[in-house]
Protein chains: 2
Amino acid sequence: MAISRIPQTSLLFVLLLLTAAMVLGGFGPAQPDPEHAASAGHQDPVAPVLLALTVLLVCAKVGGELFERLGQPAVLGELIFGVILGNLVLVNLQWDFFGPLRTDHITEQWAYAIDILARIGVILLLFEVGLESSVAEMRKVGASSFLVATVGVIAPFALGYFASATFIKEVPPVILAMNANFDLSNIHIFIGATLCATSVGITARVLKDLGKLQTKEAKIVLGAAVIDDVMGLIILAVAAGIIVAAETGVPMEFAEVVKITGVALGFLVGAIVIGLTVVPRILKKIAVLRTHGIMLISALLFCFLFAYLANAAGLAAIVGAFAAGLILEEVHFTEFREEKHLHDLLTPVTTFLVPIFFVVMGIQVRLETFLNPSVLGLALALSVAAFIGKQVCGLAVVDKGLDRLSVGLGMVPRGEVGLIFASIGKGLGVVDDAIFSAIVIMVIVTTLMTPPLLKFSLARWERRRPAEA
Amino acid sequence: MAISRIPQTSLLFVLLLLTAAMVLGGFGPAQPDPEHAASAGHQDPVAPVLLALTVLLVCAKVGGELFERLGQPAVLGELIFGVILGNLVLVNLQWDFFGPLRTDHITEQWAYAIDILARIGVILLLFEVGLESSVAEMRKVGASSFLVATVGVIAPFALGYFASATFIKEVPPVILAMNANFDLSNIHIFIGATLCATSVGITARVLKDLGKLQTKEAKIVLGAAVIDDVMGLIILAVAAGIIVAAETGVPMEFAEVVKITGVALGFLVGAIVIGLTVVPRILKKIAVLRTHGIMLISALLFCFLFAYLANAAGLAAIVGAFAAGLILEEVHFTEFREEKHLHDLLTPVTTFLVPIFFVVMGIQVRLETFLNPSVLGLALALSVAAFIGKQVCGLAVVDKGLDRLSVGLGMVPRGEVGLIFASIGKGLGVVDDAIFSAIVIMVIVTTLMTPPLLKFSLARWERRRPAEA
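Here is what the cut-offs are and how they apply
Residues numbered from 1 in each chain as written. Chains lettered and ligands numbered in written order. Predicted model: local features only at pLDDT ≥ 70, side-chain atom pairs only at ≥ 80, totals over all residues. Helix = DSSP H or I, 4+ residues; strand = E, 2+ residues; numbered from the N terminus. Buried ≥ 20, exposed ≤ 12 C-beta atoms within 10 Å, placed from the backbone. Contact = placed C-beta atoms within 7 Å. pLDDT = per-residue confidence, 0-100. Core = buried A, V, L, I, M, F, W, Y, C linked by C-beta atoms within 7 Å. Domains from an automatic or database assignment. Axes fitted to C-alpha atoms, helices over the stretch in contact; angles between N-to-C directions. Parallel < 35°, antiparallel > 145°, perpendicular 65-115°, else oblique. Left-handed = near helix turned anticlockwise from the far one by under 90°. Nonpolar A, V, L, I, M, F, W, Y, C, P; charged D, E, K, R; others polar. Expected span 1.5 Å × (residues − 1).

**Q** In this structure, what is going on with the overall build of chain A? I would like to understand it.
**A** Tallying secondary structure elements over chain A gives 19 helices and zero strands in all. The proportion of buried residues among the 469 residues of chain A is 56%. The contacts in chain A between residues at least 6 apart in sequence include a share of 79% that link residues at least 24 apart.

Here is the structure:
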C-alpha cells in the first residue's frame, strides 16, 4: 500500500520543483538581456547555472527512478528524460529553456558551464571505470577475452560501415558547408568506430544486479569490454585523425594511421609503465601529507592531468582519464591517513556530475530529425549491426562448456561509450544532427534490450546446464 | 628522519606537475586562436579547464599543507598561494596563464567555467556550514550569543565605516566610469558590512584543533558566529540594495531598506518554517526512492534551488544555500536506504570544489595595487577595525566567570565570509581592485592572527582559572 502511494507523492514534489523552475525560468537562463544582468550585478552569474542544474538533476533522478522500477538501467532513464526535456519545445514553443545547450557552438555562458560540468562528469566516469579494472586483471583475462574483444570490434565496425554506406549516400549539407572537401567515407568510418565500444559500466551493472558477477562468462565479458574500450579508443583516435587530416585537405597517409595508433598505444603503455613504477612511489610520498582531502584530490589530479595530456597528445580526454584510473589501484591508497576508500570518496563526485552528462546528451537529441525516414532507417540498421556484430563475439569464446549466447548478449550495450563517441563526432564535424540522433537511438535500443535478454539467456542456461552435466 | 624528507620529495612532484602544466600551458588556456581550435575540434573545450583545475588544485593542496604545518588554517595557504599564482605575471610577464580570470567581465570560456566552479564551491561551503548548525541549536544559544553577535556586527560596521571614510576620500575612477552618480558613502557602507561577518568555519576548526569545542566559550562563539552570519547576510542584502538603487540614480528610501530587510528575514523565516514543516515530509517521500545517490542529489537540489530562489528574491545566492543547510538536518536522512551519512557524501564534493574558490580569490588579488600606499593604509586600518570591533564582543558576554578575551578573539577571523562579501562587492561594482586587495589583506591578517592568539589566550585562562576557583 505504501509503495503504491510513493511514486505519486514524490512525483508531485518533482512536478512542484519543475514548475517552480519553469516559472522562474522566465528570468533565469533565458535572460533576454545578459548585458543588463551583468551590469546590474544583482543577478549572480551562477544563478542560471544553479537553475539549470536543478532541472537537470531532478530530471535525471526522476528518469533514473522510473527506469529502475521498470527493471532497466538508470542511465537509460536519464537519457530518455533528457530527450523529453530537450524536445519540450516541440510541444510548447514558448519554453526553449535548454535551447542554448543544443547548438553546436555554445555562446550562452551558463550553457557553456553546464557543458563543461557534463564533460568533467564523463571524464570522471571513465576514470571510475578505469579504477574498477586493473592492469593485473587485464593480464589475467585469458585468450577468450582478447578474442571476444577483437571480434567484437571488427564485426561491428564492418557492419556499421556497411550500414552507414547503405543509408548515407551523400555528405550532409551542414558538414559540406563547413568543409567542401569532406569525404563521405569518413562518416562511414566514424559510425563504424561508434559501434565498436562496449559499455563496461552497463554490462557490469546488469550482471551485478542478476548476481552473476563471479561467473566465468561475466569475467570474459568484463575483460573483453575493457579491451574493447581500449581498442575502441584507439580506433576513435585513428578515425579522428583521418577526419582532421581530411579537413585540412591533405589525405591521411598510412604512415599517419600508424603514427596515431602508435601515439595512442604509446600513451597507454607509457601510462601503464608509469603506473607500475613511479605512481606507487609518488602516492607513498603524498600519503604522509596532512592536509584535508589529499587522497581524493591527488586521485582527481591524476585524472585531470592524464586527461589533459591525452588531449594534448591528440587523443580523446577520456582515454587519459581511463588510463589514469587503470594505473591507480585502491591498494596505493592504503597508506593515506584517511579512513575512507578512494571509491567512497569518488562516488559522491560522480553521483553529482555523471547524470548531467547523460541528460545533456538526451537534450541534444533533436526529435524532429526522426521525421526524416532515412534517420529512422539508419537508426534501425545501426541497431541491427550493433546487435549482430556483438553476437558474433560469442563464437570467439575458446573455453568449452560456456554460455556463448550470454557472452554475446553481454557485449551488446553501447551505453555511455557510444554516446561519448557520438558527441566527439559532433565536435569533429563528422556527425550532423540526423546521424547523432540515429546513434543515440542505437544506443538506447542496444542498452534497452540487454537487461531483459541477458536475464532470459542466463536463466535458460541455468536450466540447461544441469541436464548437460 | 622520514618526516624531514617528505616535504622535499612531495614538493618535487608538485614542481614536476606544475612545470608540465606550465609548459603545456602554451597550448592550453592561453590558446591564442579559440576559433580555430573550435573548428578543428581536436582540442576538447574541456582541456583548458582540466589544465586550470590541475594547477589550481595542486596550488591549493601545496598551500594548505604548508600552512597546516605552520599551525595555520589550510584556507590561508590556499588564499596566499592563489595570490602568488595570480601575480607570477609580475615576475615573468610571459606567463599570464590566469589573466583571463582576473578581469571583471570574464570573456574566455574556460575562465568562466572555473569561475562558475568556484561559485558552486562557495555555495556548497555555506550549505555545509548551514548543515553543521541547526534551528534548534540556534534557539538554544542563550542571550550571550545574541548579544555577542549584535555587538560583533555593530562595532565592526561602525569602525569599518570610519576607517573607510578616513582613507577613501573620493570614488575610484573605475567605479565612477561605470556610474557617474555613484555616492562615496556606498563604499563605506559596503566595507563596514564586510567587517561584520565572522568565519564560523575557521573559528570552529581552530577550537576543534585545540580540543576546546565543548567549552561554554566555544558554544557562545559558535552560536554568535552563526547569528553573525545571518545578520551579516541581511546587512549585505541591504547594502547591495542601497548600491543597486544608487546605480539606477534613484536614492534608496527608508521604506526600501525595510523592504530588503523584510525580504531577507522573510526568506530565512520562510525557509525555517518550511524546513520544520514540509521538508521532513518531502524527504520521507524521497527516502523510499531506489535510484542511486538520491540522498546526496536531493540535498544538492535543496541547496541549488534555495540558492537560486534567494538570488531571485534579491538576496545573495549563499544566503539561500545557508538557509537550505540550516533547515536540513542529518536526522532527516536516517530513513534513506544508503548507509552513509549525508556529511560523508557531501564532503568529497566540497573537498573538490571549495579550494577552487579560495585559490581563485587569491588569484584575483592584484599585488601591484599594494604599491599604492593608501591601499596599505586602508588594509591596516581595516585590520585594526576588524580586530578591535570584535574584541568589544567579549564585553557583551552576560554569563559570569567566562573567558571574555577568548570569546572576543574567537570572533576575529573573517575568513571565507569576508572574501565572499568582497567578491560580491566586486560584482556590484562598489569594490575596485585596490579596495578588494585591502579587504583580502584584512581577511588574511585577521585569519592569520587568530590561531596563535586564541591558543595563547586559552592557555592563559587555563592557568588562571584554578587560582580563582
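After that view of the structure, there is still more to cover.
**Q** Would you explain the confidence of the model for chain A in this entry?
**A** Do not read the predicted coordinates in detail wherever pLDDT is low. Residues and elements named next belong to chain A. For chain A, per-residue confidence averages 77 on the pLDDT scale, and 81% of positions sit at 70 or higher. Across chain A, the secondary-structure element scoring lowest on mean pLDDT is helix α2 (residues 34–40), at 33, and the one scoring highest is helix α3 (residues 46–69), at 91. Counting interchain partners and residues more than four positions distant, the pLDDT-below-50 stretch residues 1–12 has six contacts. In the predicted structure, residues 19–41 sits below a pLDDT of 50 and forms 27 contacts with residues beyond four places in sequence or in another chain. Across the interfaces of the predicted complex, the ipTM metric reaches 0.77, alongside a pTM of 0.78.

**Q** What am I meant to see in the nonpolar core here?
**A** Generally speaking, soluble globular proteins have nonpolar side chains that are buried together. Ile123(A), Cys303(A), Leu382(A), Ile123(B), Cys303(B) and Leu382(B) are the most contacted members of the largest nonpolar core, which totals 343 residues. Counting only domains with at least three residues in this core, you end up with domain 1 (8–28 + 45–117) and domain 2 (119–462) of chain B. Setting aside its immediate chain neighbours within four residues, Cys303(A) contacts Ile123(A), Leu124(A), Phe127(A), Ala321(A) and Ala324(A).

**Q** Quick question: what am I supposed to make of the packing of helix α3 (residues 46–69) of chain B against helix α4 (residues 74–86) of chain B here?
**A** Packed helices, taken two at a time, are described by their axes: the angle between them and the distance between them. All names here are of chain B. Across the interface, α3 lies against α4 with an axial gap of 7 Å and an inter-helix angle of 130°. By the angle class used here, α3 and α4 are oblique. Our pair here, α3 against α4, has a crossing hand that is right-handed. Contacts between α3 and α4 involve Cys-59, Ala-60, Val-62, Gly-63, Gly-64, Leu-66, Phe-67 and Glu-68 from the former and Ala-74, Leu-76, Gly-77, Glu-78, Ile-80, Phe-81, Gly-82 and Leu-85 from the latter. Grouping the constituent residues of the contact of α3 with α4 by class yields 10 nonpolar, four polar and two charged.

**Q** Help me understand the environment of Leu326(B) in this model?
**A** Considering the arrangement of structural elements, one finds Leu326(B) in helix α14 (residues 317–327). Along the primary structure Leu326(B) and Ile424(B) are separated by 98 residues, whereas in three dimensions their C-alpha atoms are 22 Å apart.

**Q** Just checking my understanding: could you explain helix α16 (residues 373–391) of chain B for this structure?
**A** Quick reminder: α-helices carry 3.6 residues per turn. Residues three or four places apart thus point the same way. In this model α16(B) runs 27 Å from its N-terminal to its C-terminal C-alpha over 19 residues, within 8% of the 27 Å that 1.5 Å per residue would give. Of the residues making up α16(B), those classed as buried are Val375(B), Leu378(B), Ala379(B), Ala381(B), Leu382(B), Ser383(B), Ala385(B), Ala386(B), Phe387(B), Gly389(B) and Lys390(B).

**Q** So what exactly am I meant to see when it comes to the environment of Ala165(B) here?
**A** Residues and elements named next belong to chain B. With respect to the helices and strands, the residue Ala-165 is situated in helix α7 (residues 143–167). According to the C-beta neighbour criterion, Ala-165 is partly exposed, with 15 such atoms within 10 Å. Spatially, the C-alpha atom of Ala-165 lies 7.8 Å from that of Ser-185, the residues being 20 residues apart in sequence.

**Q** It is not clear to me how helix α4 (residues 74–86) of chain A should be interpreted in this structure. Could you clarify?
**A** Taking 1.5 Å of rise per residue, the 13 residues of α4(A) would be expected to cover 18 Å, and the 18 Å separating its terminal C-alpha atoms lies within 8% of that figure. Those residues of α4(A) not exposed but buried are Ala74(A), Val75(A), Leu76(A), Gly77(A), Glu78(A), Leu79(A), Ile80(A), Phe81(A), Gly82(A), Val83(A), Leu85(A) and Gly86(A).

**Q** For this particular structure, what's the right way to read the packing of helix α13 (residues 294–312) of chain B against helix α15 (residues 342–363) of chain B?
**A** Residue and element names in this part refer to chain B. Two numbers describe how α13 lies on α15: the axes approach to 10 Å, and their chain directions differ by 70°. In terms of orientation, α13 lies roughly perpendicular with respect to α15. When you trace α13 past α15, the crossing you get is right-handed. From α13, Met-295, Leu-296 and Ala-299 reach across to α15, where they touch Leu-342, Leu-345 and Leu-346. Residue composition of the contact of α13 with α15, by class: six nonpolar, no polar and no charged.

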